[in-house]
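Chain by chain, the residues run as shown.
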Amino acid sequence: MKPQAVTDALLRKWPLPDPDSMEGKEERGCVLVVGGSTRIPGAAVLAATAALRAGAGKLQVATSRPVAMQVAIALPEAKVSGVLADSKGEITTLGRDVASDVERAEAVLVGPGMLATPATRRVAVGILRRAKAVVLDAGALEAALQRTGAAVRVVTPHFGEMAGLLGIDASDVAAEPEAIAYDFATKHGATVVLKSARTVIANPSGEVWVHARGSAGLGTSGSGDVLAGLICGLMAQGVPADQASVWGVALHGRAGEILSREVGTTGFLAREIAQRVPGIRDALHRA
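Residues numbered from 1 in each chain as written. Predicted model: local features only at pLDDT ≥ 70, side-chain atom pairs only at ≥ 80, totals over all residues. Heavy atoms only, no water.

**Student:** Sorry, what's going on with the sheet that holds strand 7 (residues 152-155) here?
**Tutor:** Each strand in a sheet pairs with its neighbour through backbone hydrogen bonds, running either in the same direction (parallel) or in the opposite one (antiparallel). Strands sit in the order 1-10-9-8-7-6-5-2-3-4 across an open sheet of 10 strands; the sheet is mixed. The sheet is open, and its two borders are formed by strand 1 (4-5) and strand 4 (79-83), each paired with just one other strand. Here strand 3 (residues 58-64) runs beside strand 4; their pairing, made up of five bridges, is parallel. By the bridge assignment, serine 64 is partnered in strand 4 with valine 83. (Pairing = 2+ DSSP bridges. Helix = DSSP H or I, 4+ residues; strand = E, 2+ residues; numbered from the N terminus.)

In structure tokens form, the structure reads like this:
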């Protein structure tokens with residue numbers, strides 16, 4: 001295992017699909033975001049917006065029924081479905097219509113704004129059984145421990161979340177993140193995005209990449225939701241999971257660098273990150 005550095009040169013040698021070659025929204029794929037709760041409805045909004053900013057053509061969101069109208073107003077571009085929730089506003093089941101949406105979507109993101117509950121795990125496992133490609137984030141990460149379904153999968157834990165999945169201390173993950181990401185990816189058949197200031201990406205074949213660019217300001221509430229949405233939006237366009245993960249991390253990091261110059265090292269908002277992504281992608285594509 002010899003990690004590769006994620007540089008502009010690497011990205012240009014591993015280009016994303018040419019946007020000019022995809023004439024309409026159908027060709028750029030449909031993303032379904034399953035997430036949000038009455039306490040954290042904005043997580044689904046951030047992730048869904050990022051998926052569109054990454055270039056996905058169509059957007060659907062399934063969120064906790066009590067907040068579905070607010071999410072729909074915040075996302076006029078999306079089809080929004082309100083699904084059953086428990087007394088705390090956490091999603092408990094998707095229902096038949098959304099289950100059909102899972103099957104039709106090119107990529108599904110599940111977990112942003114959701115707690116790691118048994119119900120969340122059941123929902124995520126059900127999605128893995130039906131979907132073509134899945135990004136597991138936040139409350140849905142535990143589903144990655146089950147090898148169920150044929151879906152291509154990406155997991156996006158930070159060090160603490162990975163430690164929880166493995167039953168070890170976060171300090172153990174921080175001590176050898178490349179080895180941890182490699183072992184998880186090869187054992188569980190998932191592309192791993194192990195998030196930190198120095199993010200490690202590993203695929204099931206054992207390839208490892210390290211991304212060390214970005215900004216301290218990216219360590220802010222909602223930033224991880226944006227990253228998960230970017231990766232899912234790229235996957236919806238037919239980009240392989242490992243390439244989408246490397247590119248998603250790179251676009252996220254470079255957006256943070258731009259915002260650090262424009263706003264300040266810290267203090268910019270997660271909702272501002274995705275706004276910078278289309279221009280960054282175009283610049284790398286045309287260079």
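**Student:** For this particular structure, what's the right way to read a negative patch on the surface?
**Tutor:** On the surface, a cluster of negative charge is made up of Asp169, Asp172, Glu176 and Asp183. Judged by its relative accessible area of 52%, aspartate 169 falls in the exposed class. (Patch = residues over 30% accessible without salt bridge, like charges linked within 9 Å, V, L, I, M, F, W, Y side chains within 5 Å. Areas by Shrake-Rupley, 256 points an atom, 1.4 Å probe, with all protein chains shown as cover. Salt bridge = Lys/Arg side-chain N within 4 Å of Asp/Glu carboxyl O. Lys, Arg positive; Asp, Glu negative; His and termini not counted. Charge placed at Lys NZ, Arg CZ, Asp CG, Glu CD. Buried < 20%, exposed > 50% of the residue type's maximum accessible area, 1.4 Å probe, protein only.)

**Student:** What is the right way to read helix 10 (residues 241-262) from this model?
**Tutor:** Because each turn of an α-helix spans 3.6 residues, side chains separated by three or four positions in sequence point in the same direction. In this model helix 10 runs 31 Å from its N-terminal to its C-terminal C-alpha over 22 residues, within 8% of the 32 Å that 1.5 Å per residue would give. Judged by how many residues are buried, helix 10 sits mostly within the fold: 20 of 22 residues are covered. The first or second residue beyond helix 10 is glycine 264, which carries a positive phi of 150°. (Expected span 1.5 Å × (residues − 1).)

**Student:** Looking at this structure, I do not really get the nonpolar core. What am I missing?
**Tutor:** One broad rule of soluble globular proteins: the nonpolar side chains tend to lie buried together. With 57 residues, the main nonpolar core has Val33, Val61 and Met235 as its most contacted residues. No other element matches the 10 residues that helix 10 contributes to this core. Ignoring sequence-local partners within four residues, the contact set of valine 33 consists of Ala44, Ala47, Ala48, Leu59, Gln60, Val61, Ala62, Leu109 and Pro112. Listed in part, the 43 residues of the second largest apolar core include Ala105, Ala140, Phe184 and Val200. (Core = buried A, V, L, I, M, F, W, Y, C linked by side-chain atoms within 4.5 Å. Contact = heavy atoms within 4.5 Å.)

**Student:** Would you take a moment to explain the state of the cysteines for this structure?
**Tutor:** What we call a disulfide is simply a covalent bond connecting the sulfur atoms of a pair of cysteines. In the structure shown here, the tally under the stated rule is zero disulfides. Unpaired in terms of disulfides, cysteine 232 finds its nearest cysteine sulfur in cysteine 30, a separation of 9.4 Å. Taking relative accessible area as the criterion, cysteine 232 reaches 0% and is therefore assigned buried. (Disulfide = S-S within 2.5 Å.)

**Student:** Before we go on, may I ask you to explain the pattern of salt bridges in this structure?
**Tutor:** Pairing is possible between side chains that carry opposite charge, provided their charged atoms lie close to one another. All chains considered together, the criterion is met by 12 salt bridges. Residues joined in a network through salt bridges with shared partners are Asp8, Arg213, Arg254 and Glu257.

Taken by themselves, the reported measurements are silent on function.
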